[in-house]
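# Architecture at a glance
So the chains spell out like this:
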Amino acid sequence: MKRPVRPGPREGWPTSSRVDEMQKTFWNYLMLAPFMILFGAFFLYPILSGFRYSFYDWDTVREPVFVGLKNYETVLGSRNSRIAAGNLAAYVAITVPLGVSVAFGLALLVDHFAGFWGRFFRSVYFVPVVMPLFLAATIWRWLYAPNFGMFNLLAGWLGAGNIRFLNDPDVMLYSMVAVDVWVSAGFNMVILLAGLKNIPRHYYEAARLDGATKLQEIVYVTLPMIKPVMIFVISYSFISALQVFDLPWLLTGSSFLDYGGRQKALLFPVMDMMGRGFGSLSFGLASAYGFVLTFVIVLLTAAIFVLQKRDART
Amino acid sequence: MGWIRFGSVTVLALTGALASGVTHAQELDYWVYSDFAQGEALKLQQTFIEEFTAKHPGLEITISGRGDDDLLTGQIAGASSGTGPDVFMNSTSLGAILAQAGALKNIYEDWMAMPEDFRAQFNPDLIKMCTPQPSVMYCLPYTGYGSFMYRNLTVLEEAGIDPKRPITDWSDWKAQMRKIQAAGKKAVPDMSQSWLSLANIYSGVAAPDEWGIDFDNQKTRIAPEKLAEATQMLLDIKPYTSGTSEDDQVTKDLFTTNQLAFLVSGPWVDPIFEQAAKERGLKYDRVLVPGAQEGQYGGVKGFEFIAIAPKANAKIAWEFAAYVAEKKQMTRWAAALGRFNSNDAALADPQVSSHSLLAITNEASKHAIFNRPPFFVKPYPSDYWSVLLDGVADIVEGDETPQDGAKRIVDELNELVADE
């Protein structure tokens, strides 16, 4: 009996190896399908839909009206966006280097302890990470309270006047950075600590034999060895800082009708975006705001990765 | 074999899902403020729900307590997606934004179909407020508040102040503050930090129609000369303030630990102080907010409404809303919690009117200005409150005189309103 001839690849049919491959991968894709469907429905679709609405004037009820790039012009030209961008730049410039430095310092400190004390300090420094942020904000509002807060009592003993940590526009940003560093240091410390634990001890022994001081050990052994981890921590801190929202919201007791604290000293882009959406029902404008912010974050993150790659090559 | 198993499991899962779906013929999601879904308030709300569902077999009502922002965002997002609550409460001050978002069903016909004795129970001014246009009614008036002043009697005693002697006016109030400061305590929170505190002071000198926005004429109703007087008062009392905001937890802690003498706030703070009185012996009372002149009083009043979403189950949702807002339920609500409400018939009930918290709230509301009027007309411009509060803070900081600052603030507010 003559076997039927299967068309070859030239006729556009898959070869038997391709069919096998497809059969093999079909189940893999099927297993991935639930995730991909959910990802598409709850992540990709809202993003694409939001991008579309960023070109419309839309209050969720009336028919969206196409306004072209007007929303983007409004966002880029508005006074609040400029204030928010300025606050964000200052915040990122301070909180990322400070936060990573504190976390690195803590990691070095904890790394020195072994056994019970090592675990104890690691847990203690990690507590703020697992603490609900509203609770952390409440504690810090107490610490910062004028007249009665611990910092003002200390300032009083030192002869300084009452500092309005959360109500003086010149001080508010620094007050928030302190809370942010306190909250995030534990998380970064644990990651850096894992990096430190992976450094072979004989590198330090060799350095000591060469007469290196503690500082030289850190500069010439520790830092180069944990560079990939450090870059991850810096990138993560940087991206998180760009999206800051809940901490300034809680510290200033903001609501959708009034947010950002006195003279908008703690107004940040995500807060402004939420306020425009839910406080003024300008969802098209809020979407445009979101995409401007996303574009900036993607651009800056890409720059970090490019620099990182270039550095790895050299 | 594998396909058979997979098919069986799928069929079973679908059957289970369908079966769970038919357990209740109808379901209502009922969203309330967080403090309505805690303790005694929750028990009472659950009683209302049980009573109503007993008369409507197959109906399930799920009550859910939400914070202010969560309530607003959920209702707005729900309005566009159709997934929001069926029955919900919110402040009349947010009525305009919710109406604009399409979150509120026009209940005018349902309302008019109710018997006259039901409709007569409610405060007519609030019914007017819920009915911004002829034949358009967005809500039933539900609960409410009027602000008054809590006094820490221990602090007053330590300062040598006789709590029985009423505070006559602002100058008398300031004299008491001086004594409190001299006794090493703080008199009041920083009343320039929140709009509610500012309104509590401003209302001591201004008339009710001198607050809010006149959308028809595109200008603020705030009178610059009255704002100047109010900010002068804030400037005068600055040395006696705790520096903390009225709504800050720190402020409440200072009051319950006998460090702060006065706190102007609403009835929602009372459970905290009542608990502190029971557990730590806090001694406090409640008085009207002093006004600039003798016989004048400050204070802010606000109301919460109950509304229904424009959804398929709107009929049963309306019946439930009408049930909880009705006199019998509101009488029990007021008697048990001492909380003010918009049902005049319930407030007139003798078992309610004797409640001390309710009595002071009721009295305060007679003198108070509305919180963010007008309601259900237009949302306030997004920067309205920050322009007002930042400007007042500048005056209190001494950057501007009260007269110049007040004029500038009013000019800026007018510009903002005109730009909307």
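Residues numbered from 1 in each chain as written. Chains lettered and ligands numbered in written order. Predicted model: local features only at pLDDT ≥ 70, side-chain atom pairs only at ≥ 80, totals over all residues.

## Concerning the overall build of chain A
For chain A, the count of helices and strands is 13 helices and 2 strands. When its C-alpha atoms are laid out on the principal axes, chain A stretches across 105 × 70 × 35 Å. Looking at chain A as a whole, 32% of its 314 residues qualify as buried. (Helix = DSSP H or I, 4+ residues; strand = E, 2+ residues; numbered from the N terminus. Buried ≥ 20, exposed ≤ 12 C-beta atoms within 10 Å, placed from the backbone.)

## As for the overall build of chain B
If you tally the helices and strands in chain B, you get 20 helices and 13 strands. Radius of gyration (C-alpha) of chain B: 24 Å, near the 22 Å computed for a compact globule of 420 residues. Here chain B, with 420 residues, has 50% of them falling under the buried criterion. Taking the contacts inside chain B whose residues are at least 6 apart along the sequence as the reference set, 74% of them involve residues at least 24 apart. (Rg over C-alpha atoms; globule rule 2.2 N^0.38 Å. Contact = placed C-beta atoms within 7 Å.)

## Regarding the sheet that holds strand 8 (residues 262–265) of chain B
All names here are of chain B. Across the sheet, 3 strands lie side by side as 8-5-9; this open sheet has antiparallel pairing. Two strands in the sheet have a free side with no partner beyond their single neighbour: strand 8 and strand 9 (284–287). The mean inter-strand angle of the sheet, taken between neighbouring strand axes irrespective of direction, is 25°. (Pairing = 2+ DSSP bridges. Axes fitted to C-alpha atoms, helices over the stretch in contact; angles between N-to-C directions.)

## Things to note about helix 11 (residues 224–237) of chain B
Residue and element names in this part refer to chain B. Its 14 residues give helix 11 an end-to-end C-alpha distance of 20 Å, which sits within 8% of 20 Å, the value for a rise of 1.5 Å per residue. The complete set of buried residues in helix 11 reads Lys226, Leu227, Ala228, Glu229, Ala230, Thr231, Met233, Leu234 and Ile237. In this structure, the buried side of helix 11 is in contact with helix 9 (170–182), helix 10 (195–202), helix 19 (384–396) and helix 20 (402–419). (Expected span 1.5 Å × (residues − 1).)

## Some thoughts on the interface of chain B and chain A
Counting residues at the interface gives 31 residues for chain B, matched by 28 residues for chain A. Mapped onto the side of chain B that touches chain A, the elements with two or more residues apiece are helix 3 (68–81), helix 4 (95–100), helix 12 (249–256) and helix 19 of chain B. Here the element with the most residues in the side of chain B that touches chain A is helix 3 of chain B; it accounts for 7 residues. For the side of chain B that touches chain A, the class distribution of residues is 12 nonpolar, 13 polar and 6 charged. (Nonpolar A, V, L, I, M, F, W, Y, C, P; charged D, E, K, R; others polar.)

## Observations regarding the nonpolar core
B:Ile306 and B:Ala321 are the most contacted members of the largest nonpolar core, which totals 184 residues. If one sorts the elements of this core by residue count, helix 3 (residues 79–112) of chain A sits on top with 10 residues. (Core = buried A, V, L, I, M, F, W, Y, C linked by C-beta atoms within 7 Å.)

## Thoughts on helix 2 (residues 39–55) of chain B
Spanning 17 residues, helix 2 of chain B covers 25 Å between terminal C-alpha atoms, matching the ideal 24 Å at 1.5 Å per step. Along its buried surface, helix 2 of chain B packs onto strand 1 (26–33), strand 2 (59–66), helix 14 (314–325) and helix 15 (327–337) of chain B.

## With respect to the pairing of strand 5 (residues 148–152) of chain B
Residue and element names in this part refer to chain B. Judged by how many residues are buried, strand 5 sits mostly within the fold: 5 of 5 residues are covered. As defined by bridge partners, strand 5 adjoins strand 8 across 4 bridges and the pair is classed as antiparallel. From the neighbouring strand, phenylalanine 148 faces strand 8, where its bridge partner is serine 265. Examined bridge by bridge, strand 5 and strand 9 share 4 bridges and lie antiparallel to one another. Among the inter-strand pairings, arginine 151 is bridged to a residue of strand 9, identified as aspartate 285.

## Structural notes on the confidence of the model for chain B
Residue and element names in this part refer to chain B. When the pLDDT values of chain B are averaged, the result is 90; 94% of them are 70 or greater. Ignoring residues within four places in sequence, the model shows residues 8–23, a span with pLDDT below 50, making 0 contacts including any to other chains. Note on the complex model: pTM 0.79, ipTM 0.72. (pLDDT = per-residue confidence, 0-100.)

## Here's the deal with the pairing of strand 3 (residues 87–91) of chain B
Residues and elements named next belong to chain B. Across the 5 residues of strand 3, 5 count as buried, placing the element largely inside the fold. With burial as the criterion, each face of strand 3 is covered, one bearing Val87, Met89 and Ser91 and the other bearing Phe88 and Asn90. With 2 bridges joining them, strand 1 and strand 3 adopt parallel strand pairing. Across the sheet, residue tryptophan 31 finds its bridge partner in strand 3, namely phenylalanine 88. As defined by bridge partners, strand 3 adjoins strand 12 (residues 300–308) across 5 bridges and the pair is classed as antiparallel. The partner of asparagine 90 across the bridge, within strand 12, is phenylalanine 305.

## Describing the environment of B:Gln176
Residues and elements named next belong to chain B. Here glutamine 176 shows up in helix 9. Overall, glutamine 176 belongs to the buried group, with 22 C-beta atoms counted inside 10 Å. A sequence separation of 31 residues divides glutamine 176 from alanine 207, and the C-alpha atoms of the two residues are 25 Å apart. In this view, glutamine 176 contacts Ile161 and Ile167; residues no more than four positions away in its chain are not counted.

## Regarding the packing of helix 2 (residues 70–77) of chain A against helix 13 (residues 283–313) of chain A
Packed helix pairs are specified by the crossing angle of their axes together with the interaxial distance, meaning the distance between the axes. All names here are of chain A. Following both chains from N to C, one finds helix 2 and helix 13 inclined at 65°, their axes separated by 9 Å at the closest point. Classed by the angle they form, the pair helix 2 and helix 13 counts as roughly perpendicular. Both helix 2 and helix 13 take part in a crossing whose hand is right-handed. Side by side, helix 2 and helix 13 meet where Asn71, Tyr72, Thr74, Val75 and Leu76 of the first sit next to Gly284, Leu285, Ala288, Tyr289 and Val292 of the second. Among the residues making up the contact of helix 2 with helix 13, the classes are represented as 7 nonpolar, 3 polar and no charged. (Parallel < 35°, antiparallel > 145°, perpendicular 65-115°, else oblique. Left-handed = near helix turned anticlockwise from the far one by under 90°.)

## Let's talk about unusual backbone geometry
Residue and element names in this part refer to chain B. Cis peptide bonds are those with omega within 30 degrees of zero, and the linkage from proline 373 to proline 374 qualifies with 0°. Positionally, proline 374 belongs in the loop between strand 13 (369–370) and helix 19. Phi at serine 135 takes a positive value of approximately 65°, unusual for a residue other than glycine. Given 9 C-beta atoms within a 10 Å radius, serine 135 is considered exposed. The phi angle at phenylalanine 376 is positive, at roughly 60°, despite the residue not being glycine. Inspection of the secondary structure puts phenylalanine 376 in the loop between strand 13 and helix 19.

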